[in-house]
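Listed here are the chains, written in short residue letters.
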Amino acid sequence: MPLSPLFKALGLRIGHYGPKFAGLYLDDPQPWQIFLQHLVIGWLSALPLLVLLLWAPRASRWLLAAGAAYGALYYVAVNSLALPLYFADATPWQMGWPTIWPSLAGHILFGACTGFTSRRFVRGHLAKAMGRTTRPSRKSPTTAR
């Protein structure tokens, strides 16, 4: 989403399915409605990544990479296959790299940022699951009294 204005200024296709999806339930979707829809879908689409990170503790060591991989897989499954099939559009793979890379870059960035910003949530839940309920003090044993 933050890269959309730049990509659009360069004449690249990005955000193609936001208005189409909003058109399923709104007659004339306004930009603020599409933005709100994007926020809701973004939160909902981040949930499987958070569950995956909690379910696979090894993935929590690589939050940024796991998030980036999730973003790429999300793009492939949803934006490059499911949505084009649903709306009877050509897939980005049929249209070529200039159609693929802007949205792919945005999804990878979304996943990486989600993974990175989830570190406190994920590590806190993993610590609780492992029986550690309090965070160790950052003070050295000699200064803590």
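The shown structure was predicted, so the numbers you read here are calculated from the model rather than taken from an experiment.

1. Quick notes on helix α6 (residues 97-117)
Between its terminal C-alpha atoms α6 stretches 29 Å, which fits the 30 Å expected from 21 residues at 1.5 Å a residue. Turning to α6, its buried residues number three or more, namely Thr-99, Ile-100, Pro-102, Ser-103, Leu-104, Gly-106, His-107, Gly-111, Ala-112, Thr-114 and Gly-115.

2. Here's the deal with the pattern of salt bridges
Oppositely charged side chains can pair when the atoms bearing their charge come close. For the coordinates displayed, the defined rule picks out 1 salt bridge. The residue Asp-89 makes a salt bridge to Lys-20 at a minimum N-O spacing of 2.7 Å. Here the residue Asp-89 occupies a position in the loop between α4 (63-86) and α5 (92-95), and Lys-20 occupies one in helix α2 (residues 17-22), the gap between them amounting to 69 residues. Accessibility expressed as a relative area gives 28% for Lys-20, which makes it partly exposed.

3. Points about the environment of Ala-69
With respect to the secondary-structure elements, Ala-69 resides in helix α4. Assessed through its relative accessible area of 40%, Ala-69 is described here as partly exposed.

Criteria and cut-off values
- Residues numbered from 1 in each chain as written.
- Predicted model: local features only at pLDDT ≥ 70, side-chain atom pairs only at ≥ 80, totals over all residues.
- Heavy atoms only, no water.
- Helix = DSSP H or I, 4+ residues; strand = E, 2+ residues; numbered from the N terminus.
- Expected span 1.5 Å × (residues − 1).
- Buried < 20%, exposed > 50% of the residue type's maximum accessible area, 1.4 Å probe, protein only.
- Salt bridge = Lys/Arg side-chain N within 4 Å of Asp/Glu carboxyl O.

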